[in-house]
Amino acid sequence: MKLAVIAFGGNAFMGEENHGRHQDQLAFANDISGELVKLVESGYGIVITHGNGPQVGNFMLQQEYASLDVPSMPSDVCGAMTQGQIGYLIVQTLRNHLRKNGLDRPVVAVITQVVVDENDKAFSNPTKFIGPFFDRETADSLAREKNWKIKKDSNRGYRRVVPSPKPLDIVEKKEIVDLIKRGFIVVACGGGGIPVVCGENEEFRGVEGVIDKDMASERLATLIGAETLAIITPVDRISLFFGTQKQVELEKITVDEAEKYLGEGHFPLGSMGPKIEAAIRFLREGGRRVVITSSKSTVKAFLGEKGTEIVRES
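Here is a short report on the structure shown in this document. Note that the coordinates shown come from a computational prediction; the quantities given were computed from them, not determined experimentally.

**Considering the environment of Thr-49**
As for its position among the elements, Thr-49 is in strand β2 (residues 44–50). Of the residues examined, Thr-49 reaches a relative accessible area of 0% and is grouped as buried. Sequence separation between Thr-49 and Ile-232 is 183 residues; the distance between their C-alpha atoms is 10 Å. Every residue in contact with Thr-49, bar those within four places of it in the chain, is listed here: Val-5, Ile-6, Ala-7, Phe-8, Ala-188, Cys-189, Ser-217 and Leu-220. Within the local environment of Thr-49, its side chain forms a polar contact with the side chain of Ser-217, the two groups lying 2.7 Å apart.

**Some points on the sheet that holds strand β16 (residues 289–294)**
Across the sheet, which stays open at both edges, the 8 strands sit in the order β3-β9-β2-β1-β12-β16-β17-β15 with mixed pairing between neighbours. A single partner strand is all that each edge strand has here, and the edge strands are β3 (107–109) and β15 (252–254). The average undirected angle you get between the axes of adjacent strands in this sheet is 20°. Running at roughly 150° to strand β9 (residues 185–187), helix α5 (residues 173–181) makes contact with β1 (2–8), β2, β3 and β9 of the sheet. Sheet strands touched by helix α6 (residues 213–223): β1, β2 and β12 (228–233). Its angle to β1, the strand with the most contacts, is close to 165°.

**Overview of the pairing of β12**
Along a regular strand, successive side chains alternate from one face of the sheet to the other. For β12, the tally of buried residues reaches 6 of 6 residues, placing the bulk of the element in the interior. Where β1 lies against β12, 4 bridges are found, and the strand directions are parallel. If you follow Ala-7 over to β12, its bridge partner there is Ile-231. Bridge count for β12 against β16 is 6 bridges, and the pairing is parallel. Of the residues in β16, the one forming a bridge with Ile-231 is Ile-292.

Parameters at a glance
- Residues numbered from 1 in each chain as written.
- Predicted model: local features only at pLDDT ≥ 70, side-chain atom pairs only at ≥ 80, totals over all residues.
- Heavy atoms only, no water.
- Helix = DSSP H or I, 4+ residues; strand = E, 2+ residues; numbered from the N terminus.
- Buried < 20%, exposed > 50% of the residue type's maximum accessible area, 1.4 Å probe, protein only.
- Contact = heavy atoms within 4.5 Å.
- Polar contact = N/O pair within 3.5 Å; in protein donor to acceptor, adjacent residues only side chain to side chain.
- Pairing = 2+ DSSP bridges.
- Axes fitted to C-alpha atoms, helices over the stretch in contact; angles between N-to-C directions.

Quick look at the structure:
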């Protein structure tokens, strides 16, 4: 059975107006589940990952506002909660679509812990955007009031940033592999996974931060021996000179070309950069191909009709 890890961004669940209402997130989960069933029908075993930047940011904001009445939770616990939130929506809608299509496949969401280095430099230089966008005045006020770190997110406004350490290992990788072998469709590494460090006697403890979901998806895909890593974005294909008159969409490139374009600055750190880094790492460590495309083009991208395909050799 061909095995693919498919990574969806947390922003995609927020709806066109970026409100992130339950009905918006449920509707997107339902839409992507309809696409994923087609991949299952074509013979793929799939593991689904997802981001949670907006969701965990909103949840942490709720925690702040309610802290006088209800004890607030640390960010690793908030990450676990939003893993459960989004995992629940994907599992429910995917089960419904599988049943409608006469497919008897079990689906399960695994609350996933991801090992990071306690001395990762990311802890002293927060870069991961979470939560809603603010104007400059509101952002400055929140930074002073709540001691948040805030940075500008492209040209869309200002957002809170938290540490984003690099993922090293997946604690539950053996359990995930076992589930795949037993025929399960697995949802894992939600929000990049819960960041944990391994201390003495191999005891884990959670730490502050949000891991990049594309980098965590690469670690998972590599560790479980997936053939394909699919990264779902707002665009159908990645481009050189994006947003300019010289923009060129890329249909198929090699990992060497991807590395070259990344070094030339075509893929910014705050948008496409981590996705290309994850693609390069996956292919360098034995993966067969990476597909980057939009949610509505997922199936066509797997068939080579849409999206950008990155391969080891031409």
